[in-house]
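Below are the chains, spelled out letter by letter.
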Amino acid sequence: MKFRDYYETLGVARSATEAEIKAAYRKLARKYHPDVNKEASAEDQFKELGEAYSVLKDTEKRAAYDRMGANWKNGQDFTPPPNWNEGFEYSNDNYSDGHPGFGGGHQGNQSEFFESLFGQGRYRQGGRGGNPSQGMDFKGQDHHAKISIDLVDAYNGAKRTITLHMPTQDTSGHVSTQERKLDVSIPKGIKAGQNLRLAGQGGPGMGAGGSGDLYLEIDFHPNPIYRVDGKDVYLDLPLAPWEAALGTAVNIPTPAGSTLELTIPAGTATGRKMRLKGKGIPSKEAGDLYVVPSIVLPGAETDLQKEAYQTLEKAFDFKPRTHLKG
Amino acid sequence: MTKMTRTQITWIEGSIVEDDIHMSILEISKAARAPAELIMSWVSEGVLSPAGSSPEDWRFSNDSLRRAKTAAHLTHDLELNTPGVALALDLLDEIARLRNQLLRENIT
């Protein structure tokens, strides 16, 4: 087990006052809140902050933590000394952070270090293994998870097997990681940010309450060719200067997997979008596919190529910088 | 000890929120894990804009679900009050809009 330096996590001195700890936590929490910060690592950092703060804001826990001494370094191998917490008393509300029932915060997934010192299962050695962050909250009845699919799946629909990891607590307070495999039909026409509701696939209900629902928030894997904005899809189309000037016909791939022949009108300029109506993500009102031309200039390397550019120069009285008046 | 258990389930059909279903105040309250009173305060602050005239008739969109989830997280994690949540959500939407604009223009 690795030691966690909670003071370092919050960037405060070991002598920091309660107010300083709170201010440091608040500032970092705003910065790394996963709803605010879109970096992939933000969620883990936010959880680390929450864990550090939950110990340092609590006088008893902080005193117990401090008793381990100031010589431990972040990430150092660590075993809690026997009876290290003798004489300290604190309530075990780590899992809910004092907000039972409702409380839609990002919580859970404390480190093994925290778990062994302050967790409900601290009498157990070891802990649950790495818990892959699936965006899974486990309190309450409705569960949430994020899944990434390919753009083509939104065009054609797909069947996907997803794996969810859920820490669950049994009646005696033991924590176990439940792995669930779900075979889900991804309906055609789903868009990034939309939620797919799987009725009855959430947490088990209490009494006659019935099971909660599982909400899967959809995201697309990054695509090397297409960019997606809502139900509209963008494709960059490189064109040779003569193709753009004289017009041509090109074959373009569609996200659905087919090929379309597209007429490029003479005099096409870079950035002048062409809209293929209804070729975006399908739905009742299908999105559009935008083709964004960009003119690519070949370098002049051979004598013949240089001559071709010189011929161009003679043919045009082209002054591209008249607006600079220099 | 850590137990690993596995449950195998056969193909599940889901419903797309908004396309297929519109959520009531009870459903969105449960899904966003926020009490109905908080949902109502977000509606009166303009954070959520359901269709329908009274709370019983309210129907929330997927965008409302997304916003309600974020609002619940911010309220809980950063102890923001309702006007603070409203401001944060508006700013986050503005950032998302600008990011999408960069994406459309292919500026990264």
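Scope of this entry: the structure provided in the associated data block. (Residues numbered from 1 in each chain as written. Chains lettered and ligands numbered in written order. Predicted model: local features only at pLDDT ≥ 70, side-chain atom pairs only at ≥ 80, totals over all residues. Heavy atoms only, no water.)

Regarding the sheet that holds strand S1 (residues 143-149) of chain A
Threshold: Whether two strands pair depends on DSSP finding at least two bridges between them. Only DSSP runs of H or I reaching four residues or more are called helices, and only runs of E reaching two or more are called strands; each is numbered from the N terminus.
Taken together, 4 strands build an open sheet; the order of strands is S1(A)-S5(A)-S4(A)-S2(B) and the sheet is mixed. Two strands bound the open sheet, and with one partner strand each, they are S1 of chain A together with strand S2 (15-16) of chain B. Note that strand S4 (residues 195-198) of chain A and S2(B) share 2 bridges and pair antiparallel. The partner of A:Arg197 across the bridge, within S2(B), is B:Ser15.

Topic: helix H3 (residues 42-56) of chain A
Test applied: In this scheme, a helix's expected span is set at 1.5 Å multiplied by one less than its residue total. Summary of the burial criterion: residues with accessible area below 20% of their type's maximum are buried, those above 50% are exposed, and those between are partly exposed, where the area comes from a 1.4 Å probe applied to protein chains only. Whether two residues touch is decided by their heavy atoms; if any such pair falls within 4.5 Å, the residues are in contact.
Helix length check: H3(A), at 15 residues, gives a terminal C-alpha distance of 21 Å against a target of 21 Å (1.5 Å per residue), a fit within 8%. For H3(A), the full list of buried residues reads A:Ala42, A:Phe46, A:Lys47, A:Leu49, A:Glu51, A:Ala52, A:Tyr53, A:Ser54, A:Val55 and A:Leu56. Those residues of H3(A) that are buried are in contact with helix H1 (6-10), helix H2 (18-32), helix H4 (59-66) and helix H5 (112-118) of chain A together with helix H3 (62-77) of chain B.

Things to note about unusual backbone geometry
Residues and elements named next belong to chain B. The backbone of Arg33 sits at a positive phi, close to 55°, despite the residue not being glycine. Relative to the helices and strands, Arg33 resides in the loop between helix H1 (25-32) and helix H2 (36-44). A positive phi angle is found at Glu79, which is not glycine, with a value near 50°. Assignment of secondary structure puts Glu79 in the loop between H3 and helix H4 (82-104).

What about the side chain of A:His144?
Where we set the bar: We call two N or O atoms a polar contact when they sit within 3.5 Å, provided that within protein one can donate a hydrogen and the other can accept it, with sequence-adjacent residues counted only if both atoms are side-chain atoms.
Looking at the secondary structure, you find A:His144 in strand S1. Judged by relative accessible area, A:His144 falls into the buried class, the value being 7%. There is a polar contact of 3.3 Å between the side chain of A:His144 and the side chain of B:Lys69.

Digging into the nonpolar core
Operational definition: Side-chain atoms within 4.5 Å link the members of a nonpolar core, which is a set of buried Ala, Val, Leu, Ile, Met, Phe, Trp, Tyr and Cys residues.
In this structure, A:Tyr65, B:Trp42 and B:Phe60 are the most contacted members of the largest nonpolar core, which totals 51 residues. Put simply, the parts of the chain that give this core at least two residues each are H1, H2, H3 and H5 of chain A together with H1, H2, H3 and H4 of chain B. Excluding its chain neighbours within four sequence positions, the residues that come into contact with B:Trp42 are B:Ala34, B:Val47, B:Leu48, B:Ala68, B:Ala71, B:Ala72, B:Thr75, B:Thr82 and B:Val85. Formed by 36 residues, the second largest nonpolar core is a distinct cluster that contains A:Val184, A:Ile186, A:Phe220 and A:Val291.

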